[in-house]
Amino acid sequence: MYIYLLKAHHIIISLFLLIYVIKTFILLTNKKELLQNFSSKIKIPDIAISFLFLVTGILMIWMKENITTFQILKIIIVLSAIPVAIVGFKKSNKLLAILSLLLIIVSYGLGEINKKRIKKAEVSSDIETNPENPSYNKAIHGAALFDANCAYCHGSDGKVVYGTIDLFASKTDKETMKQIIKEGKNAMPSFKAIMDEVEIDALIEHIELMKK
Ligand code: HEC
């Protein structure tokens, strides 16, 4: 579910930005009538897009417990840009319109920079995470890590990602999987900065067991 929201959110952001840029451009060229015309023509889609933009964003925050500081910053900037934009366009104030566009672009940029940055969700303290310890169980460790860090995209059953990859039916070999977990691939984030070898091995163990 999360991954579909993410995809939808990206498409909506592109539309949102496009409308914004067009409006600011018309405002800057002093074509007030054109701006009014354009704004009233796209009023409904504009409201729908802004609404979906916020809803998909809020749903994603709600589904993900581990939000990064970057993401919080991004949200604050986006939320502060909205009133600035409303006032700017209503009063045909170029400075405010540009300011709000800049704020939106900055937060979009933060999102892009932040794409590969991901925060680790720790597993419950009941779970033994030290392989030196006799009570350590790789599969249990892996399952807990998977539930906390992967299931919001892949689903606990591994079936989710865009409906195409069934992780637990994948024919990809262990080494390649390890590589993908470390380096990421397309919408799959890279985990090498936040997971060590022991954790990645445990995740692979979980995936292999779930295949059977
Ligand atoms: C933000 C969503 C997201 C998260 C979180 C995520 N994945 Fe993925 N994962 C994907 C996507 C999307 C793909 C498909 C990448 C592609 O091939 O384009 C994928 C692919 C994979 C693959 C390769 C599957 C194959 O056979 O090609 C593995 C293995 C994998 N993920 C494991 C994990 C593990 C383990 C975690 C948690 C540590 C995790 N993923 C977290 C989105 C995610």
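This is a predicted model, so every value here is computed, not measured. (Residues numbered from 1 in each chain as written. Predicted model: local features only at pLDDT ≥ 70, side-chain atom pairs only at ≥ 80, totals over all residues. Heavy atoms only, no water.)

**A word on the site of the ligand**
Rules: When at least one non-hydrogen atom of a residue lies within 4 Å of a molecule or strand, that residue is treated as near it. Any N or O atom pair separated by 3.5 Å or less is treated as a polar contact, with the protein-specific requirement of one donor-capable and one acceptor-capable atom, and with residues adjacent in sequence counted only for side-chain atom pairs. Secondary structure is summarised from DSSP: a helix means a run of H or I of at least four residues, a strand means a run of E of at least two, and numbering begins at the N terminus for each.
Looking at the ligand, there are 21 residues lining it, with Cys150, Cys153, His154, Ser170 and Met188 nearest. Contact between the ligand and Ser170: an oxygen atom at 2.4 Å from a side-chain N or O atom of the residue. A distance of 2.5 Å separates an oxygen atom of the ligand from a polar atom in the side chain of Thr172. When contributions to the shell around the ligand are tallied by element, the ones reaching two or more residues are helix H7 (151–154) and helix H8 (174–183).

**Topic: helix H6 (residues 138–149)**
The condition is simple: For a helix, the expected span equals 1.5 Å multiplied by the residue count minus one. Exposure classes here rest on a 1.4 Å probe applied to the protein chains alone. A residue is buried below 20% of its type maximum, exposed above 50%, and partly exposed in between. Contacts were defined at the residue level, with two residues in contact if any of their heavy atoms lie within 4.5 Å.
Over its twelve residues, H6 runs 16 Å from end to end, which matches the ideal 16 Å to within 8%, given 1.5 Å per residue. For H6, the full list of buried residues reads Ala139, His141, Gly142, Ala144, Leu145, Phe146 and Asn149. Contacts made by the buried residues of H6 are with H7 and helix H9 (197–211). The opening residue of H6, the one whose side-chain oxygen lies 2.9 Å from the backbone nitrogen of Ala139, is Asn137.

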